[in-house]
Amino acid sequence: MSGMRARQTLAFPSFQRAALRALAAFTMILATSVRSNYVYDDDPFQPVTQDETVAVGGVVTLTCGVKENDNSSLQWSNTAQQTLYFGEKRALRDNRIQLVKSTATELIITIGDVQLSDDGEYTCSIFTMPVRTARATVTVLGVPGKPVITGFEGAVQEGGKVTLTCTSSGSKPPAKLHWYRDQVEIQGRPDVVESNPNEPTYTVTSELTLSVSRDDNDALIACAVDHPSIANGDKRTEQPLNVLFSPRVWIHPESDLPREGEKFYLQCVGNGNPEPNAFVWRRKEGELPPLAKVDGAFLRFESLNKSDNGVYECQADNGIGMGDVAHTLLVQEEAGENAADPTAMSTSSGVDHAVIGGVVAVIVFIMLCLLLVLGRYLIRHKGTYLTHEAKGSDDAPDADTAIINAEGGHSGVDDKKEYFI
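A brief structural summary.

Reading guide: rules and limits
Residues numbered from 1 in each chain as written. Predicted model: local features only at pLDDT ≥ 70, side-chain atom pairs only at ≥ 80, totals over all residues. Heavy atoms only, no water. Salt bridge = Lys/Arg side-chain N within 4 Å of Asp/Glu carboxyl O. Helix = DSSP H or I, 4+ residues; strand = E, 2+ residues; numbered from the N terminus. Buried < 20%, exposed > 50% of the residue type's maximum accessible area, 1.4 Å probe, protein only. Phe/Tyr/Trp six-rings, centres within 6.5 Å; stacked < 30°, edge-to-face > 60°. Pairing = 2+ DSSP bridges. Axes fitted to C-alpha atoms, helices over the stretch in contact; angles between N-to-C directions.

This part takes up the pattern of salt bridges. One pass over the structure, following the stated rule, counts 15 salt bridges. Linking Arg-135 and Glu-121 is a salt bridge whose minimum nitrogen-to-oxygen distance equals 3.7 Å. Taken together, the residues Arg-135 in strand β9 (residues 132-141) and Glu-121 in strand β8 (residues 120-126) connect sequence positions 14 residues apart. What makes Arg-135 partly exposed here is its relative accessible area of 29%. Judged by its relative accessible area of 42%, Glu-121 falls in the partly exposed class.

Structure, rendered in structure tokens:
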């Protein structure tokens, strides 16, 4: 008995010492945990880390380094304080976690296929005396789903209103929604953000109300999601507007110069939504000509006549509304080639005038030349004259004989004739 008491007395102080050592170790861990919130630039053994942001499904890299090492190992732990890597040794059986680099002063690991549950604080520790730690916050972004547009499954008539709703779910933090009409941003109502049950993500909704006109038909309305997790800027969904409107109508003639005796048609064209499918032809002055036949959108003339001249009206109907248009028909007379073709008449008349003008120009030129020659002749012979004396007077022996021999044999006339020019 005395020996047993002695052993019990000796064992009790040993148990106390073990308890005290455990308490001291726990106190040291708490103290170092408090110290881990700070970075001591002058402590070469203090680990240094940095925060990271990654989208769901991505890969995050965790880097921890110290300036110096006393042969102590570096360790990465997750948000639940489970050891991921201790030096080069994997501690947690998770194939998503891979070792990139392990040296005395650096420990780098990656976590692939990141999930929302990986969000939180990760701890890097170095087991010196005392233990030093540093924390890195990993922010996991919830990627928003492609937006869905509802509220415009059918068509709307011009002048009406339509309300569209855009919804995107799964974003973290909440995404932002933007509306566009043919690449031009338009303003919708402010976003409505709701938390998703049992998930750290959000659903975002936005509404857009439009007063539509025929110009909005086939316009693309888009809803785009803006979120930092989207690499190319945004995700979007587009939907064309389908607006019903009455037709605009015009008449297309077969020719701009309808000739008498020829076949001819007028075509009624409309651009409504839907396309017009009912056409009514009328003549403003009365009944349609006997040889004019209605063929849907066409009014056909078998043989044009001057009596077909007049104003023709077309009315097109597409079930939404009607459109009217008028066209004046003027038939060209067929009185020979030139009469049938005013262009040819104009060309022939132009040729005749040209010929006449050429002839007049030649005549004027000739007259000018004659006047020039005559003028020069008059200038050269100015002040000269010719004297014609009676022929034979020089050889006559006496005056009587000279008179007898004079040309013309006349007596009692002047013996000289002078001609002045």
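Our focus in this paragraph is the packing of aromatic side chains. Summed over the entire model, instances satisfying the criterion amount to four aromatic pairs. Ring centres of Phe-301 and Tyr-312 lie 5.6 Å apart, and the angle between their planes is 85°; this geometry places the pair in the edge-to-face category. Note that Phe-301 is positioned in strand β24 (residues 298-301) and Tyr-312 in strand β25 (residues 310-317), a separation of eleven residues in sequence. The exposure class assigned to Tyr-312 is buried, which follows from its relative accessible area of 0%. One aromatic cluster in this structure is built from Phe-264, Phe-301 and Tyr-312.

Omega for the bond connecting Met-129 with Pro-130 falls within 30 degrees of zero, at 0°, which places this linkage in the cis form. When you line up the elements, Pro-130 lands in the loop between β8 and β9. Look at the link from Lys-172 to Pro-173: it is a cis peptide, with omega at -5°. Phi is positive for Gln-81, which is not a glycine, with a value near 65°. Along the chain, the position of Gln-81 falls in the loop between β3 (74-77) and β4 (83-86). The exposure class of Gln-81 is exposed, given its relative accessible area of 52%. The phi angle at Asp-182 is positive, at roughly 50°, despite the residue not being glycine. Summarising the element assignment, Asp-182 is placed in the loop between β13 (176-181) and β14 (184-186).

Turning our eyes to something else, we now look at the sheet that holds strand β10 (residues 148-150). Spatial ordering of the open sheet is given by β10-β12-β16-β15, a layout of four strands whose pairing is antiparallel. Taken across any chain shown, the strands that pair with only one partner, and hence form the sheet edges, are β10 and β15 (192-195). Within this sheet the neighbouring strands show an average axis-to-axis angle of 20°, counted without direction. As paired strands, strand β12 (residues 161-171) and strand β16 (residues 202-211) are joined by ten bridges and run antiparallel to one another. From the neighbouring strand, Leu-164 faces β16, where its bridge partner is Leu-208.

Read these as layout, nothing more, since geometry by itself doesn't imply function.
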